[in-house]
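Summary of structural features
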Amino acid sequence: MASRDTTSLLVGLLVLFYTWGVWANVEVSMEDRVEVFRGETASITCMFTSTEGIGGMIIQWFYVTRTGEKQKIYYQDSTMQVVDRGTQFTDRISVNGTGASEAIVLTIRDVRLEDELEFICLIKGLTDGTGEGRTKLKVFEKPDYPTIEGVQTGISVSEPGPSKIATCEVKNGYPKPNITWYRNNAPLRVAQDGVLVMPSTTTESTGLYSVKSELSMMVMKEDKDDQFYCEITYFVPGGVGMLESERINITVYYPSTAVSVWVESPKGKIKEGDSVEIQCRGNGNKPSSLVTISHDGKDHEGKTLLLANVTRRDSGDYICTSTDTDTFEDVTGQISVFVNYLDPAVVRPGDMTVVPQGNELKATCNALSSLQTQTVWFKDGAEVSMGNILTLKDAMFDTAGTYMCVVTVPEIEGMETSGTLHVYVEGPPEIMQPEHTMMEESFENTVDLSCTARGFPAPSIVWTTSDGKILKSASQTDTDDGVQSVVSIKVTSDITAFCNASNEFGTAAVTFSITAIKAETAIPKQSPKKVKQEGRGVIIAVIIICILLLAILGSVLYFLYKKGKLCGRSGKQDLTKEKSSKDNIVVEMKSDNTEEAVLLGVNGEKLPPSDQSGEYLDVQK
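Owing to the predicted nature of the structure, the values given are computational and were not obtained by experimental measurement.

Quick look at the state of the cysteines now. Counting across every chain of the model gives five disulfides. Between the sulfur atoms of C46 and its disulfide partner C121 the distance amounts to 2.0 Å. Taking the sign of the S-S torsion, about -80° here, the bridge from C46 to C121 comes out left-handed. Residue C46 is located in strand β3 (residues 42-49), and its partner C121 is located in strand β9 (residues 118-125); the two are separated by 75 residues in the primary sequence. For C365, the disulfide goes to C405, at an S-S distance of 2.0 Å. Across the S-S bond of C365 and C405 the torsion is about 60°, and the bridge reads as right-handed. Within this pair, whereas C365 is found in strand β32 (residues 361-366), its partner C405 is found in strand β36 (residues 401-408), the two being separated by 40 residues in sequence. The exposure class of C365 is buried, given its relative accessible area of 1%.

The next thing to look at is the sheet that holds strand β35 (residues 389-392). What holds strands together in a sheet is hydrogen bonding between their backbones, with the strands either parallel or antiparallel. Here we have three strands laid out as an open sheet, ordered β30-β32-β35, and antiparallel in their pairing. Bordering the open sheet on either side are β30 (346-348) and β35, each of which pairs with just one other strand. Recorded for the sheet is a direction-independent mean angle of 15° between the axes of neighbouring strands. Inspection of the sheet shows β30 paired to β32 by three bridges, in the antiparallel sense. Bridging from a neighbouring strand, V347 pairs with C365 of β32.

Applying the stated criterion across every chain yields a total of seven aromatic pairs. On the numbers, 5.2 Å between centres and 70° between planes, the contact of Y63 with F89 is edge-to-face. Remark: F89 occurs in the loop between β6 (81-83) and β7 (93-96) and Y63 occurs in strand β4 (residues 57-64); sequence separation between them is 26 residues. Judged on exposure class, the residue Y63 and its partner F89 are both buried. Seen from their ring centres, Y174 and Y209 are 5.5 Å apart, and the 10° between their planes marks the pair as stacked. Of this pair, Y174 sits in the loop between β13 (163-173) and β14 (178-183) while Y209 sits in strand β17 (residues 209-217), and the two are 35 residues apart along the sequence. For Y174, a relative accessible area of 12% gives the class buried. Under the relative-accessibility criterion, Y209 is labelled partly exposed at 25%. Grouped by ring-pair contacts, the aromatic residues Y63, F89 and F119 constitute a single cluster.

The next point concerns the layout of surface pockets. There is about 570 Å³ of room inside the largest pocket. Elements with a minimum of two residues in the lining of the largest pocket: β36, β37 (416-432) and β39 (446-456). For the lining of the largest pocket, the element with the most residues is β37, which contributes four residues. Within the lining of the largest pocket, the residues separate by chemical class into eight nonpolar, six polar and seven charged.

Here is what the cut-offs are and how they apply
Residues numbered from 1 in each chain as written. Predicted model: local features only at pLDDT ≥ 70, side-chain atom pairs only at ≥ 80, totals over all residues. Heavy atoms only, no water. Disulfide = S-S within 2.5 Å. Helix = DSSP H or I, 4+ residues; strand = E, 2+ residues; numbered from the N terminus. Buried < 20%, exposed > 50% of the residue type's maximum accessible area, 1.4 Å probe, protein only. Pairing = 2+ DSSP bridges. Axes fitted to C-alpha atoms, helices over the stretch in contact; angles between N-to-C directions. Phe/Tyr/Trp six-rings, centres within 6.5 Å; stacked < 30°, edge-to-face > 60°. 1 Å grid on protein atoms, 1.4 Å probe; cavity = no way out; pocket = protein on both sides within 12 Å on 5 of 7 lines; lining within 4 Å. Points joined across faces, edges and corners; volume = space filled by probe spheres on them. Nonpolar A, V, L, I, M, F, W, Y, C, P; charged D, E, K, R; others polar.

That is the geometry; function is a separate question.
Have a look at this one:
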């Protein structure tokens, strides 16, 4: 009985000790993982609780090697703190906290890729037992910017299998980045739509990863404008990062199903003399295709046909043919080209036309053209008529001259032609009135006389003098207005010269009068125009002034005579009583109001009729 009680007591004590020991164990808590970029500092915190004082507590830090072994790197008790030598963390770790705060922090500086391990925090008390916590350290490295390279050659839609499109590569990432392909912002699904992706991974000497992905797919014509790019996803502390490559296009080769032909230049309507460029393009994209442009049975290889200085014979259909050299199938297109023309102007009647003076002339100007034309007539640069018919009524010498008709095509700039018509008016000569026909010139001087005559046929000019002498020193030249003749005459006396113009229809003449004056009395030589105008004016003025002076003088004498103040006597006294009839001064005065002449003596007395025998003023002594 006693033995059974002792056994029960021992069992109870054992249970009590066991229960107390479990309750007295150190409780340790740690994060599952700590994440940090390579090269940064990692802090691993070990939290614990214990009923035992600090003095009896032992703290140790371990890491688990790649082979699964525990490797101690730190030891601490109440008397010492020791970092184990010879480990990869010896010079890069430190531990903060003494346990009083119930938190111990392991700090790892300049974290490396090989530091991605599991770390163990071991807390041991003298009576409380032992507690342990574990944390995994995760290390990250952001990769470089991704690069993408498309195929340099084009891809044919006739390829039997998937064709390589592009290669995408991203370098120096950790952990390994992922690559996803996109077309026009939509991800490509592998094994669908003929898509094939071949990834490959390379571990660099630094331990970082480089990932490459090659995209292949079945290509169709619709892919010619598509954009391809790759998206890179990588892990970072607490999340995921993303990078996109540049976007590229691929060259897709496909045969033409239609051909376009057009005139590249000139724009608008074509005229003779232009340089024409014809372009031909198929809607396919295949370098092996053969393109030819044909016209009138002649073939021109290439997509461009240049025609220099075209004529109306170049009008017609131009056919472009695109031939697939793989299948030898042809696709054609065509364009009709029309070259507009304007023939040289034809003027009728002829280039030279003679019309009698006073008659009417009608001339026409026509030019054959493929387009509507407009005709304008000019003379001496001035417009004289619109339309292709020129009508000249009552032809005069002023009508003669050169007429030009200009034919233009309003629809095409620079398309024009022209013709000329020389009109001659047939009639007797007409002398252009000289500016001066009367002039004065000093003796022994030489004067040049000019005479211009017009008419058709062209008149001949002969110079003669009033005595019938022909002046043979004259010269004759043709001018726009007719014929001009100049003669030089030496002044030795007053001269009258005649300019005589004649043709088969008649004659005309003009007279030149030259007055010879002495050199010492000659007025300063002026232009003949001034001599003529000013000389006449001076003569008229002098005559008027003389008449006025004579009238005034006569009035004064008559007034004095009436007052008897002439010679100091009155009007009623005789000059002398013994005056004989021979001493009389007889003045005959006639009045418009009487037919009787009144003879007055010097004293103003009326003489008897017997003494009225003089018809003119007679002075006798």
